[in-house]
Amino acid sequence: MPLFFVKGWILISTWASLVGWTLSLSGHFNQTSYAWSLVFLAFALALLCGKTKSLCSKTFFYPICYLKRLREHPLNPSCWLPLLFIFVAFLTLVGAILYTPSNYDALSYRLPRILHWLGAGHWHWIDTPNTRQNYSAPGFEWLMAPSLVFFKTDRLFFLINWISFLLLPSLIFRTFRLAGISAKTCWSWMWLLPFGYGYVLQSGSIGNDAFTTVYALASVSFVLSADRKEKFLDFGWAILAVALLTGTKGSNLPLALPWFAAMLSRYQIWISRIPKLLPSIAMALMISFIPTAVLNHKHTGSWSGDPTNQGKMNLSNPIAGFAGNSLMLAYSAAQPPLLPASSRVNDIVAHLFPSEFKVWLLDRFPRFELKMGEFPMEESAGLGLGLTACLALWIFKGRRSLMPLPILRGQPWFFLGIAGLISLLFFMAKMGSESTARLLLPYYPFIFLLPLGFWRLPSETLRKLAPIFAFLSSTALVGLILSPARPLFPVQKLLTSIVDSPRFARVCAVYQAYLQRGTCWDPILTITPPNIKTLGFFSHGDDLEAPLWKPFGLRKIVSTGEKDITASGIPHADAWLARRPIAEFLKSNPEWQIHWKEIGAQSITQKASVGGEAWAIFLAR
């Protein structure tokens, strides 16, 4: 019953956000309160199950009927894509079970913020040089919190992304079909689109980009399926979905436009029955980006939480934004599954642009970067070459449907595609990140609506191209199997044993850095006395803090900037960590010599690009 699973996932996400905000702001952010809240969740899921049995959409059962071919004709080309999807889902599950989470953003600020709030028993503005712990939307963190509260582990966090990945095919089919795309086109792309490199690589990760695609699609599909009678409350589900979309990442705010366009197109149904939607609206206000914006404004004076643009993400020049983001998006779309000479390719591409243009662009887009790796990485991957080639082949071999503008205006796929395109343009004008392709993962389905609506493949052509589409989609397996975060092939051992080259030595260093990222502080923690309950460290604002908390619940972590090095100007801690240059300065400071004593030092690798750094630990006398 796929529709139940989508609604159930939205309900669980809403519960997690509501409970997280309510308990943390009221000072009851603890295991007991979470246990009581589970009673309400169980009741809501049981109620949903009873109602959904009679309200399942036919558009969800259409792909299920096609899947019967897997049993009858498993070698038929039309079955290759669903079989490949099942295989990919299995591999991502295996990788997630075998390896500890290694997503840098999650370990540096998303997981630590939850640990800080749990340690204090309530939400608070954290005194830390990593300001992202405060101003970022916490939707993914609220989903992580129950697992952390009850099981004291981060090994279950991947389920958030994996479950969302499993929901993508049916939800893509439902949304595209309700938008007016032909059933055969929907069938093909419900399997093809999830093979974008970013979706595949994040399906076993704890990144917070790809999983919001479910919210984006649900926010539109439930609007399109709502009616005046039994399905009127689908409007409520759509409102919750779009709120969850924005409550997870501020970069998703422009993506509320397709939902708004869909709501406007059906205003005659809901405008006179708004009171029935008030409960959904009230919950949506709490789980959206609004609480984060209010708290950011209270503590920084800006809704974004970064009034001085320290992160250099906010662009003031739209032309530079369009130029830089377009180049990065196109470059990421051309990412092949394997590129051994990636550094050479990056250098060649960099030299193609005039130096004056590069100076002008970097001055207005400080984080602009054209960079490909040897294979796709979850921190930067978007669609990739495989899916880009599928779309190009679809357009090249497809038949262009010529419709007059008055008819086009009445097509849901047309106005939703235009709304998605406007959202994309707004993002590109204002957002200045080097990870554009990754941040746009929830945007891609709406961008695809226009080409899939205008170009259709005849049935005979589609059958002939099915093996090619399957092959192009399967290129995502290369990045999945060789991923440094969760390798399913012993690449590092193989390269170490048969190759002695600086290039491959760097690759081995990357694998080693990922494999030990979740436990990178163990060399320091092993020499830390067990009676240390508060451990601090001088951070430059982007260090891995979460591994210092392990085992969770044993100690509390506090941090301060590396420039704040006077004993009287830092928070209290039983011991402090500092990089070797800072440690040498402290040892030469008479004030620190009196109050602190160095007990050991170790080399710690957080990023392969930086390598090992010497860290020292000090105890309070």
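Residues numbered from 1 in each chain as written. Predicted model: local features only at pLDDT ≥ 70, side-chain atom pairs only at ≥ 80, totals over all residues. Heavy atoms only, no water.

Peer 1: Describe in detail empty space enclosed by the protein, supporting the description with residues and values.
Peer 2: Under the counting rule described, the total for this entry stands at seven cavities of 30 Å³ or more. The space that makes up the largest cavity amounts to roughly 80 Å³. Along its surface, the largest cavity is lined by 15 residues, and Thr100, Pro101, Phe158, Gly204 and Ile206 are the ones closest to its centre. Of the residues contributing to the lining of the largest cavity, the split by class is six nonpolar, five polar and four charged. The computed volume of the second largest cavity comes to approximately 60 Å³. Looking at the lining of the second largest cavity, the elements with two or more residues in it are α5 (80-98) and α11 (197-202). Broken down by element, the lining of the second largest cavity gets its largest block of residues, three residues, from α5. Residue composition of the lining of the second largest cavity, grouped by class: five nonpolar, five polar and one charged. (1 Å grid on protein atoms, 1.4 Å probe; cavity = no way out; pocket = protein on both sides within 12 Å on 5 of 7 lines; lining within 4 Å. Points joined across faces, edges and corners; volume = space filled by probe spheres on them. Nonpolar A, V, L, I, M, F, W, Y, C, P; charged D, E, K, R; others polar. Helix = DSSP H or I, 4+ residues; strand = E, 2+ residues; numbered from the N terminus.)

Peer 1: How would you sum up the packing of aromatic side chains? Please name residues and give values.
Peer 2: Evaluation of the coordinates by the stated rule reveals 33 aromatic pairs. Here the aromatic rings of Phe365 and Phe368 are separated by 5.9 Å at their centres, their planes lie at 70°, and the arrangement is edge-to-face. Across this residue pair, the class does not change: Phe365 and Phe368 are buried. Through a chain of ring-to-ring contacts, the aromatic side chains of Trp15, Trp21, Phe29, Tyr34, Trp117, Trp123, Trp125, Trp142 and Phe150 assemble into a single cluster. Looking at Arg110, its charged tip hangs above the ring of Tyr109, at a distance of 5.9 Å from the centre. Here the basic side chain of Arg517 rests over the ring of Tyr514, its NZ or CZ set 4.4 Å away from the ring centre. (Phe/Tyr/Trp six-rings, centres within 6.5 Å; stacked < 30°, edge-to-face > 60°. Buried < 20%, exposed > 50% of the residue type's maximum accessible area, 1.4 Å probe, protein only. Lys NZ or Arg CZ within 6 Å of the ring centre and 35° of its normal.)

Peer 1: Give a description of a nonpolar patch on the surface that names residues and reports values.
Peer 2: Taken together, Tyr267, Ile271, Ile274, Leu278, Ile281, Leu285, Ile290 and Val294 make up a surface patch of nonpolar side chains, about 680 Å² in accessible area. Counting residues per element, the nonpolar patch draws most heavily on helix α16 (residues 278-287), at three residues. Of note, Val294 is situated in helix α17 (residues 290-300). (Patch = residues over 30% accessible without salt bridge, like charges linked within 9 Å, V, L, I, M, F, W, Y side chains within 5 Å. Areas by Shrake-Rupley, 256 points an atom, 1.4 Å probe, with all protein chains shown as cover. Salt bridge = Lys/Arg side-chain N within 4 Å of Asp/Glu carboxyl O.)

Peer 1: So what's going on with the environment of Val345? Which residues, and what values?
Peer 2: Take Val345: it is sitting in helix α19 (residues 342-351). Overall, the relative accessible area of 27% leaves Val345 in the partly exposed class. Measuring from C-alpha to C-alpha, the distance between Val345 and Phe414 comes to 37 Å, with 69 residues separating the pair along the chain.

Peer 1: Outline the packing of helix α23 (residues 412-430) against helix α25 (residues 444-454), supporting the account with residue identities and numerical values.
Peer 2: α25 packs onto α23 with a crossing angle of 140° between their chain directions and a minimal axis gap of 7 Å. Taken as axis vectors, α23 and α25 run oblique relative to one another. Handedness of the crossing formed by α23 with α25: left-handed. Within the contact between the two elements, α23 uses Trp413, Phe414, Leu416, Gly417, Ile418, Gly420, Leu421 and Leu424 and α25 uses Phe446, Ile447, Leu449, Leu450, Gly453 and Phe454. (Axes fitted to C-alpha atoms, helices over the stretch in contact; angles between N-to-C directions. Parallel < 35°, antiparallel > 145°, perpendicular 65-115°, else oblique. Left-handed = near helix turned anticlockwise from the far one by under 90°. Contact = heavy atoms within 4.5 Å.)

Peer 1: Mind laying out the packing of helix α12 (residues 212-225) against helix α13 (residues 234-248), listing which residues take part and the relevant values?
Peer 2: The interhelical angle for the contact between α12 and α13, taken along N-to-C directions, is 155°, at an axis separation of 8 Å. One finds that α12 runs roughly antiparallel with respect to α13. Between α12 and α13 lies a crossing of left-handed hand. Residues Thr212, Tyr215, Ala216, Ala218, Ser219, Phe222, Val223 and Ser225 of α12 pack against Asp234, Phe235, Trp237, Ala238, Ala241, Val242, Leu244, Leu245 and Thr248 of α13.

Peer 1: Give me the pairing of strand β7 (residues 612-620): which residues, what numbers.
Peer 2: Bridging between strand β5 (residues 575-579) and β7 involves five bridges; their strand directions are antiparallel. Bridge pairing in β7 places Ala575 opposite Leu619. Where strand β6 (residues 596-605) lies against β7, nine bridges are found, and the strand directions are antiparallel. Residue pairing in the sheet places Gly600 in a bridge with Ile617 of β7. Joining the antiparallel neighbours β6 and β7 is a turn of six residues, in which Gly611 adopts a positive phi near 85°. (Pairing = 2+ DSSP bridges.)

Peer 1: Explain helix α26 (residues 459-474) residue by residue, including any values.
Peer 2: For α26, built from 16 residues, the straight-helix expectation of 22 Å at 1.5 Å per residue is met to within 8% by its first-to-last C-alpha distance of 22 Å. At Leu465, α26 shows its maximal bend, which comes to roughly 45°, and the proline Pro467 appears one to four places after that position. All of the buried residues in α26 are Leu462, Leu465, Ala466, Phe469, Ala470, Leu472 and Ser473. Buried-residue contacts for α26 involve α5, α10 (183-192), α21 (384-397) and α27 (476-482). (Expected span 1.5 Å × (residues − 1). Bend = angle between axes of the 7 residues up to and from the residue.)

Peer 1: I'd like to hear about the sheet that holds strand β4 (residues 556-561), residue by residue, with values.
Peer 2: Taking strand neighbours across the sheet as the criterion, the five strands line up as β4-β3-β5-β7-β6 in an open arrangement whose pairing is mixed. Either end of the sheet is taken by a strand with one partner, and the two such strands are β4 and β6. Each strand axis lies, on average, 25° off the axis of its neighbour in the sheet, ignoring direction. Running at roughly 120° to β5, helix α31 (residues 580-587) makes contact with β3 (534-539), β5, β6 and β7 of the sheet.

Peer 1: Please give an account of the pattern of salt bridges that cites residues and values.
Peer 2: Under the counting rule described, the total for this entry stands at 17 salt bridges. Among the salt bridges present, the one from Arg579 reaches Asp543, with a minimum N-O distance of 2.5 Å. Of the two residues, Arg579 is situated in strand β5 and Asp543 in the loop between β3 and β4; the sequence distance between them amounts to 36 residues. Pair check on accessibility: Arg579 and Asp543 agree, each one buried. Between Arg580 and Glu584 there is a salt bridge, with its nearest N and O atoms 2.8 Å apart. Residue Arg580 and its partner Glu584 are both found in helix α31; the two are separated by four residues, about one turn of the helix. By relative accessible area, which is 22% here, Arg580 ends up partly exposed. Overlapping salt bridges, with partners in common, bring together Asp105, Arg132, Asp542 and Lys607 in one network.

Peer 1: Tell me about unusual backbone geometry, and please be specific about residues and values.
Peer 2: Cis geometry marks the peptide bond from Lys550 to Pro551, where omega comes out at -10°. The topology assignment puts Pro551 in the loop between β3 and β4. The phi dihedral of Lys152 falls on the positive side, at around 55°, and the residue is not glycine. Along the chain, Lys152 turns up in the loop between α8 (139-151) and α9 (158-178). Classification of Lys152 as partly exposed rests on a relative accessible area of 45%. Phi is positive for Asn309, close to 55°, though the residue is something other than glycine. Looking at where Asn309 falls in the secondary structure, it is placed in the loop between α17 and α18 (318-333).

Peer 1: Give a description of the nonpolar core that names residues and reports values.
Peer 2: Counting residues in hydrophobic clusters, the biggest one holds 153 residues, and the most contacted among them are Trp189 and Trp521. Broken down by element, the residue count for this core peaks at eleven residues, all from helix α1 (residues 2-26). Leave out the neighbours within four places in its chain, and Trp189 touches Ile172, Phe176, Pro194, Leu387, Cys390, Leu391, Trp394, Phe448 and Leu452. Core analysis: the second largest hydrophobic core is formed by 13 residues, Ile570, Ala573, Ala583 and Leu586 among them. (Core = buried A, V, L, I, M, F, W, Y, C linked by side-chain atoms within 4.5 Å.)

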